[in-house]
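Structural overview
If you want the building blocks of each chain, they are given just below.
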Protein chains: 2
Amino acid sequence: MATECLDKQKTIDLRKKHIGPSCKVFFSHDPIKIIRAKGQYMYDEKGERYLDCINNVAHVGHSHPDVVRAASQQMELLNTNSRFLHDNLVVYAQRLQATLPDKLSVCYFVNSGSEANDLALRLAWQYTGHKDVITLNNAYHGHVSSLIDISPYKFHQLSDAEHHKQFVHVAPSPDIYRGKYRADHPDPATAYSDEVRDIISRAHERGGKIAAFIAESLQSCGGQVIPPAGYFQKVAAHVRQAGGVVIADEVQVGFGRVGSHFWGFQLQGADFVPDIVTMGKPIGNGHPMSCVVTSREVAQAFMSSGMEYFNTFGGNPVSCAIGLAVLDVLQNEDLQGNALRVGGHLTRLLGKLKEKHPLVGDVRGHGFFVGVELVRDRVKLTPATAEAQEVIYKLKEEHILLSADGPHRNVLKFKPPMCFSREDAELVVERIHLILSDIEKALNMHMPDQVHFDRGCKRKVSFSDNLPECHSVRHRGAGNEPIRVYN
Amino acid sequence: MATECLDKQKTIDLRKKHIGPSCKVFFSHDPIKIIRAKGQYMYDEKGERYLDCINNVAHVGHSHPDVVRAASQQMELLNTNSRFLHDNLVVYAQRLQATLPDKLSVCYFVNSGSEANDLALRLAWQYTGHKDVITLNNAYHGHVSSLIDISPYKFHQLSDAEHHKQFVHVAPSPDIYRGKYRADHPDPATAYSDEVRDIISRAHERGGKIAAFIAESLQSCGGQVIPPAGYFQKVAAHVRQAGGVVIADEVQVGFGRVGSHFWGFQLQGADFVPDIVTMGKPIGNGHPMSCVVTSREVAQAFMSSGMEYFNTFGGNPVSCAIGLAVLDVLQNEDLQGNALRVGGHLTRLLGKLKEKHPLVGDVRGHGFFVGVELVRDRVKLTPATAEAQEVIYKLKEEHILLSADGPHRNVLKFKPPMCFSREDAELVVERIHLILSDIEKALNMHMPDQVHFDRGCKRKVSFSDNLPECHSVRHRGAGNEPIRVYN
């Protein structure tokens, strides 16, 4: 352990020297040095407390003592690979299975969401004998090369636009606020799933064969998108008809976060069961671990390839002890119930902001998975990207950590530790209210259908019409583009 | 933590039910249930002690108290991602850098050797703008899909032989015992590196462009292969001439294991510096962590793609605290020196076995990276695969854990925790001596150039001539093939 306590500037200098420049810090112009954390609070080197609204990894709360104790005790005893028998591995697999439909009974333990999603693809390829993968627009599934290929959120960042692989098909994100079919559509679930059906037809015409459809049960980096009920059932029917499987990526949204259910995919109804589920981030409260769960049939097909699967660290006794402790804490502290209650409260409070603030275009969420989409114009849905960044920066000044994401980075993204309280929710909403009021005042924005006077010119305006002049958001990069919080 | 202590059969049953059948245990017919470990010893559920000769992950010894303490203390304080500043990250990067040539100064922290090697490929692809990868025959670089593609050790296991990707070129393993150019060749380093040169020419003829040559500094799963001195320098010259980079995979062999040097690639001489080094297994003594280190130039090129690199768990304060503790223990206990001294002693003792046992074809090693290749015939080099498995099984009965690997699984592979002692080395060599004596007696094998009598027929024989009749090795699979220890 580093016993040194470096001057913050020294930490920054060493980071510039020795850490890959592609690895960005939050708030690059004035990054935060965090030295301890507890529950939903983080503390910087000066002892200043920050409210954490974004860390879905510290799932049961930062440094939860039960989790730390389980890890320490197991580390003292044994940490070795899964070529030896160990109870933690099998008991943990059994406990995880009990949270899932019976069909999903076989586990592979790995180290990260990326390893999990890559393995899910390998399972799908082997089981189906097909290659093509359907992914959603704006999706992010991980940082290894196979997942960059199926993550438009990532490959759209590339200066080289040729990255798109032929076997990857991008379906529209089932976003009923900003997407192709919106809330006013009579049946967006069918409309969006028909897009997948049509992609399959076109792939078939070109000789492609569908191995898998992969999607987060609720799209996270993609903008906190909540698919319309029934969407996955219909997609699954088309995909299975084509011989493919459905992979539900629960890396960001699983483990009770959605409040009413343990897994995000369960929001779609009991009649939807994926063929493969991947889980990660919250699974070990920060410990590097993750899991793929699938059916016996898929697992048998994977074995029949003749290739063993061995993961050096995956399913080690320490990881499994930690995983068990996380499940225990979730249960003992009724954190899923807390997500349902406090998350519901948070969403209701945010919903009220929509009545007061023209910038708030949409509020959507389940439990502690909530998005607030900011727009400059509720008709055109012009993304209020710079304003969202302004909210994030202002909140940081008030020691509240929130982030903005989505393809336009205009969606405030709530995914706090599961011990987040009513008071925390009320505090952050109140602060957002004040910050939005300031921004709107500076921008001279008013609620829709109000006539306002601007520079002596009286006319009914769309919100965005006057933004170039009035726009006062301060945080900008060198090219005058709004800078991103992740810099 | 699982407080249960399940009956061993129950553990086996649950494992069959809930763990992917591609995930194999050691000694499948009678697997070992390990419940604690300390130093170089592991203990089963009955308290029986096993000497661990194979675990290169428990690098500074199982459950080392300094490492456990560093982990526990940091977990109590903080475990979060690298978007916040933290001293552990930068201090650890600085400490790692100090073990490497100056040119290798920029770190990316990830969670497994697989994540590290995948990222190394991404760095190479981005830096060079090329796609083709040269890998060695029998190489293993990891379990994610991009690495299966460049791991003949894995893709040769596939029943579907079509797996070989066009952009992947397989060069001969620089194995001077069994390979294309052997110890009697006047210049095997040049001969093997010329093979790489020729591969590059052929790739160019087909329009391919070389992004990277990747190799373990000493091939591990590939059969404990020690490349001839100067090989990597010559390969690097050809590869760089073609615009590619050289990736040294130190996942299995790094961190002082080779005794005389901290990194395996340093065995080739100070005039060889890879462009990218990947490290893993021993780095955290069992904690899931790994690292990629490269030059400023490669790192800048990666950033210029426009794509961020974020790894949820990579470089978290707990992982870095553990990494620092491992480096401290290595230094405080002079474990690299121990590898040099005891590893040398082990290799000398094993060398003496070669004088006594016809089955011992070759003994090779550096420090605690040692291979003993068993052959039925020292001229034909017929792999003594079943005999190697017999040794492993017999050792297990004597509570010594060793494994056999290589393309023919006939290479006894030593890679013990770095605290392995002289007495441990003497014990295991003595036991191998006795087991080999028994096997050779049963097979009626003698040292070369001895005339022996077999079933009344007097003739000078090659060792393998009479094996079909006499072969008594017991452990066989259903198809009468010698079974593998990893089953």
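Since the model is a prediction, treat every value here as computed from it, not as a measurement.

Let us now look at the pattern of salt bridges. Per the stated rule, a full pass over the model turns up 38 salt bridges over all chains. Note that Asp362(A) is salt-bridged to Arg364(A), the shortest N-O span being 2.7 Å. Residues Asp362(A) and Arg364(A) agree in their burial class; the two are buried. Across the pair Arg197(B) and Asp194(B) runs a salt bridge whose closest N-O atoms are separated by 3.3 Å. In this pair, Arg197(B) and Asp194(B) both sit in helix H7 (residues 188-205), three residues apart, roughly one turn of the helix. A residue is classified by how much of its surface remains accessible, and Arg197(B), at 36% relative accessible area, is partly exposed.

Residues and elements named next belong to chain B. Among the six residues that make up strand S12 (residues 369-374), six are buried, leaving the element largely enclosed by the rest of the structure. Bridge count between strand S11 (residues 360-366) and S12: six bridges; the pairing is antiparallel. Each residue of the ladder has a partner; that of Asp-362, found in S12, is Glu-373. Remark: two residues form the turn of the hairpin made by S11 and S12, two consecutive strands paired antiparallel; Gly-367 in that turn has positive phi of roughly 55°. Sheet topology places S12 next to strand S15 (residues 411-414); four bridges connect them, and they run antiparallel. Within the sheet, the bridge partner assigned to Gly-371 lies in S15 and is Lys-413.

Time to look at the packing of aromatic side chains. Evaluation of the coordinates by the stated rule reveals 38 aromatic pairs over all chains. By the ring-pair criterion, three or more aromatic residues cluster together here, those being Tyr181(A), Tyr192(A), Phe213(A), Tyr231(A), Phe232(A), Phe265(A) and Phe272(A). A cation over an aromatic ring shows up here: Arg83(A) above the ring of Phe26(B), its NZ or CZ 5.7 Å from the ring centre. Between Lys131(A) and the ring centre of Trp125(A), over which it is positioned, the NZ or CZ distance is 3.9 Å.

Structural alignment of chain A on chain B gives an RMSD of 0.0 Å, achieved by rotating through 180° and translating 0.0 Å along the axis. Seen this way, the second copy is the image of the first under a two-fold rotation axis. When the interface residues of chain A are mapped onto chain B, 100% of them again lie at the interface, so the same face is used by both copies.

Our focus in this paragraph is the nonpolar core. Of all hydrophobic cores here, the largest spans 284 residues; its most connected members are Phe213(A), Leu412(A), Phe414(A), Phe213(B), Leu412(B) and Phe414(B). Not counting residues within four places of it along the chain, the set of residues in contact with Phe213(B) comprises Ile134(B), Leu136(B), Val196(B), Tyr231(B), Phe232(B), Val235(B), Val239(B), Val245(B), Val246(B) and Ile247(B).

Residue and element names in this part refer to chain A. Direction vectors running N to C along helix H4 (residues 113-128) and helix H9 (residues 296-303) enclose 80°, while the axes themselves pass 8 Å from each other. As judged from the angle between their axes, H4 and H9 are roughly perpendicular. Counted together, Leu-119, Arg-122, Leu-123, Gln-126 and Tyr-127 of H4 and Glu-297, Val-298, Ala-301 and Phe-302 of H9 form the full contact between these two elements. Looking at the contact of H4 with H9 residue by residue, the classes come out as six nonpolar, one polar and two charged.

Turning our eyes to something else, we now look at the domain arrangement of chain A. Residues and elements named next belong to chain A. One can read the domain layout of chain A as domain 1 (8-60 + 335-470) and domain 2 (65-332). When each unit is reduced to the centre of its C-alpha atoms, the spacing between domain 1 and domain 2 is 27 Å. Contact residues are listed per partner, giving 38 residues for domain 1 and 35 residues for domain 2. Regarding the contact of domain 1 and domain 2, the summed buried area is about 3,000 Å², with carbon and sulfur atoms giving 57% of it. Taken together, the connections running from domain 1 to domain 2 amount to one salt bridge. Summed over the shared surface of domain 1 and domain 2, the result is 17 residue pairs in polar contact (both at pLDDT 80 or more). Residue assignment for the side of domain 1 that touches domain 2 shows that the elements contributing at least two residues are helix H11 (335-356), strand S11 (360-366), strand S12 (369-374) and strand S15 (411-414). Ranked by residue count, the leading element in the side of domain 1 that touches domain 2 is S11, at five residues.

Moving on, we get to the confidence of the model for chain A. Here chain A shows a mean pLDDT of 92. Residues at 70 or above account for 90%. Here residues 451-487 of chain A is modelled with pLDDT under 50, and outside its nearest four sequence neighbours on either side it reaches 90 contacts, counting other chains as well.

What follows deals with the interface of chain A and chain B. Every contact between the two is made by 110 residues of chain A and, on the other side, 110 residues of chain B. When the two sides are added together, the surface that chain A and chain B hide from each other amounts to roughly 9,800 Å², 59% of it contributed by carbon and sulfur. On the surface where chain A and chain B come into contact, there are two salt bridges. Among the elements that line the side of chain A that touches chain B, the one with the most residues is helix H2 (residues 65-77) of chain A, at nine residues. Residue classes in the side of chain A that touches chain B are distributed as 54 nonpolar, 36 polar and 20 charged.

This brings us to the side chain of His59(B). Residue and element names in this part refer to chain B. Locating His-59 in the fold gives a position in the loop between strand S3 (49-52) and helix H2 (65-77). A distance of 2.6 Å separates a polar side-chain atom of His-59 from the backbone oxygen of Phe-255. When neighbours within four sequence positions are excluded, His-59 is seen to be in contact with Gly-254, Phe-255, Arg-257, Pro-282, Asn-285, Leu-330, Pro-417, Met-418 and Cys-419.

Residue and element names in this part refer to chain B. Read from one edge to the other, the open sheet built from four strands follows the order S11-S12-S15-S14, with strand pairing classed as antiparallel. Looking at the sheet topology across the chains shown, the edges are occupied by S11 and strand S14 (403-405). Neighbour to neighbour, the strand axes of the sheet diverge by 25° on average, direction disregarded.

All names here are of chain A. Of the positions making up helix H8 (residues 231-241), those classed as buried are Tyr-231, Phe-232, Gln-233, Val-235, Ala-236 and Val-239. On its buried face, H8 sits against strand S5 (132-136), helix H7 (188-205), strand S7 (210-216) and strand S8 (245-249). Gly-243 sits one or two residues past H8 and shows a positive phi near 85°.

Residues and elements named next belong to chain B. As summarised here, the arrangement of the seven strands in space is S4-S10-S9-S8-S7-S5-S6, forming an open sheet in which the pairing is mixed. With partners counted over all chains shown, the strands left at the sheet margins are strand S4 (106-110) and strand S6 (168-171), one partner each. Pairwise comparison of adjacent strand axes, ignoring direction, gives a mean angle of 20° for this sheet. Each of strand S5 (132-136), strand S7 (210-216) and strand S8 (245-249) touches helix H8 (residues 231-241); the most contacted strand, S7, lies at about 165° to it.

Residue and element names in this part refer to chain A. Summarising the element assignment, Asp-424 is placed in helix H13 (residues 422-443). Arg-49 provides the closest opposite charge to the buried, salt-bridge-free Asp-424, at an N-O distance of 5.5 Å. Excluding anything up to four places from it in sequence, Asp-424 contacts Gln-40, Tyr-41 and Leu-51.

Residues and elements named next belong to chain A. Not every positive phi belongs to a glycine, and Asn-285 is a case in point at roughly 55°. You can see Asn-285 is positioned in the loop between strand S9 (276-279) and strand S10 (290-294). The backbone of Asn-444 shows a phi angle near 60°, a positive value even though the residue is not glycine. In this structure, Asn-444 sits in the loop between H13 and strand S16 (452-454).

As a further point, take the environment of Asp175(A). Tracing the backbone through its elements, the reader meets Asp175(A) in the loop between strand S6 (168-171) and H7. Of the polar contacts made by the side chain of Asp175(A), one reaches the backbone nitrogen of Tyr177(A); its length is 2.8 Å.

Attention now goes to a positive patch on the surface. Residue and element names in this part refer to chain A. Together, Arg-348, Lys-352, Lys-356 and Arg-422 line one region of the surface with positive charge. Ranked by residue count, the leading element in the positive patch is H11, at three residues. Position of Lys-352 among the secondary structure elements: in helix H11.

About the cut-offs
- Residues numbered from 1 in each chain as written.
- Chains lettered and ligands numbered in written order.
- Predicted model: local features only at pLDDT ≥ 70, side-chain atom pairs only at ≥ 80, totals over all residues.
- Heavy atoms only, no water.
- Salt bridge = Lys/Arg side-chain N within 4 Å of Asp/Glu carboxyl O.
- Buried < 20%, exposed > 50% of the residue type's maximum accessible area, 1.4 Å probe, protein only.
- Helix = DSSP H or I, 4+ residues; strand = E, 2+ residues; numbered from the N terminus.
- Pairing = 2+ DSSP bridges.
- Phe/Tyr/Trp six-rings, centres within 6.5 Å; stacked < 30°, edge-to-face > 60°.
- Lys NZ or Arg CZ within 6 Å of the ring centre and 35° of its normal.
- Least-squares fit on C-alpha atoms with pLDDT ≥ 70 in both.
- Contact = heavy atoms within 4.5 Å.
- Core = buried A, V, L, I, M, F, W, Y, C linked by side-chain atoms within 4.5 Å.
- Axes fitted to C-alpha atoms, helices over the stretch in contact; angles between N-to-C directions.
- Parallel < 35°, antiparallel > 145°, perpendicular 65-115°, else oblique.
- Nonpolar A, V, L, I, M, F, W, Y, C, P; charged D, E, K, R; others polar.
- Domains from an automatic or database assignment.
- Buried area = accessible area lost by both parts, 1.4 Å probe.
- Polar contact = N/O pair within 3.5 Å; in protein donor to acceptor, adjacent residues only side chain to side chain.
- pLDDT = per-residue confidence, 0-100.
- Lys, Arg positive; Asp, Glu negative; His and termini not counted.
- Patch = residues over 30% accessible without salt bridge, like charges linked within 9 Å, V, L, I, M, F, W, Y side chains within 5 Å.
- Areas by Shrake-Rupley, 256 points an atom, 1.4 Å probe, with all protein chains shown as cover.
- Charge placed at Lys NZ, Arg CZ, Asp CG, Glu CD.

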